[in-house]
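# Remarks on the overall topology
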Amino acid sequence: MEALNTLFDKNKIWAKEITETNPNFFKELAKAQSPKYLWIGCSDSRIPASQLLGLQPGEIFVHRNIANMVIHTDLNCLSVIQYAVEVVKIQHIIICGHDSCGGVKAALGKHEYGLIDNWLRHIKDVYRSHQKEIDLLQDDDDKANLLAEKNVKEQVANICNTAIIQKAWKTGQEVTVHGLMYSLETGLLKDLNISMNRLEQVQEIHQLILK
Ligand code: CO
């Protein structure tokens, strides 16, 4: 594919650079993976998980979707979480939101986009829970950034509401779920200090009585 030639060229250079430093890098990595982290972030091209964390292949398990959501019925995201926790045995899950998120901005508007409206509606639900606080802000960008933070907190809770996480905790597996924000302007991450790692932190209605 001629259109992809640049990509193949870049890929060859990338693989060559790594194997020059460590000739067995890919051979060793092909045998197994044991990353400690699962990253759930926005699909936005400006937020490449491994790159912004300075990590090598094999160091982080990744799931990305529009506006870093963990929807209760999203089998894709839930399967990633289950596999990451139960098979890969990751120790930390990072939900990472970001400023100027197109998904969050769209959710604050009323424009009809089609299929994606069904996805954005979940963000509108988060807005509804924090409407008073968000509406105190005048600036639209500030509103979107605050909603993006509230959304991260909601998704951290959503992960902890699953039987996947609660089973892990019950069996003594240490899994901590963190909420972070990434700044497009500085390239820096900020910890929202809302980490959850035990059942008592989960809202009572969501504390499952596990078999
Ligand atoms: Co985004």
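Rules used throughout
- Residues numbered from 1 in each chain as written.
- Predicted model: local features only at pLDDT ≥ 70, side-chain atom pairs only at ≥ 80, totals over all residues.
- Heavy atoms only, no water.
- Core = buried A, V, L, I, M, F, W, Y, C linked by side-chain atoms within 4.5 Å.
- Buried < 20%, exposed > 50% of the residue type's maximum accessible area, 1.4 Å probe, protein only.
- Helix = DSSP H or I, 4+ residues; strand = E, 2+ residues; numbered from the N terminus.
- Contact = heavy atoms within 4.5 Å.
- Expected span 1.5 Å × (residues − 1).
- Arc of directions from axis to C-beta.
- Polar contact = N/O pair within 3.5 Å; in protein donor to acceptor, adjacent residues only side chain to side chain.
- Salt bridge = Lys/Arg side-chain N within 4 Å of Asp/Glu carboxyl O.

## A short note on the nonpolar core
Proteins that are soluble and globular tend to have nonpolar side chains buried together. Residues L38, I40, I81, V85, I93 and I159 are the most contacted members of the largest nonpolar core, which totals 45 residues. Counting only elements with at least two residues in this core, the list comes to strand 1 (37–42), helix 4 (75–87), strand 3 (92–98), helix 5 (102–107), helix 6 (117–129), helix 8 (140–160), helix 9 (163–170) and strand 4 (176–182). Not counting residues up to four positions away in its chain, the partners in contact with V85 are I90, I93, I164, I165, A168, Q173 and V175. Grouped together as the second largest cluster of nonpolar side chains are 8 residues, A49, I60, C96 and Y182 included.

## Description of helix 4
Between its first and last C-alpha, helix 4 extends 17 Å over 13 residues, near the 18 Å set by a 1.5 Å rise per residue. For helix 4, every residue scored as buried is listed here: C77, L78, V80, I81, A84 and V85. Projected down its long axis, helix 4 carries its buried residues within an arc of 155°, all on one side. Relative to its buried face, helix 4 has exposed residues pointing more than 90 degrees away, namely L75 and V87. Looking at the buried residues of helix 4, the elements they touch are strand 1, strand 2 (60–65), strand 3, helix 8 and helix 9. The backbone nitrogen of N76 has a side-chain oxygen 3.1 Å away, supplied by the residue at the start of helix 4, namely D74. Of the residues one or two after helix 4, K89 is the one with positive phi, at around 60°.

## What about the pattern of salt bridges?
Across all of its chains, the model carries 7 salt bridges by this definition. Linking R128 and D125 is a salt bridge whose minimum nitrogen-to-oxygen distance equals 2.9 Å. Here R128 pairs with D125, and both are found in helix 6, just 3 residues apart, close to one helical turn. Assessed through its relative accessible area of 58%, R128 is described here as exposed. The partner of E149 in a salt bridge is K190, with the nearest N and O atoms 3.1 Å apart. Of the two residues, E149 sits in helix 8 while K190 sits in strand 5 (residues 189–191), which places them 41 residues apart along the sequence. Given a relative accessible area of 27%, E149 falls into the partly exposed group. Accessibility expressed as a relative area gives 44% for K190, which makes it partly exposed.

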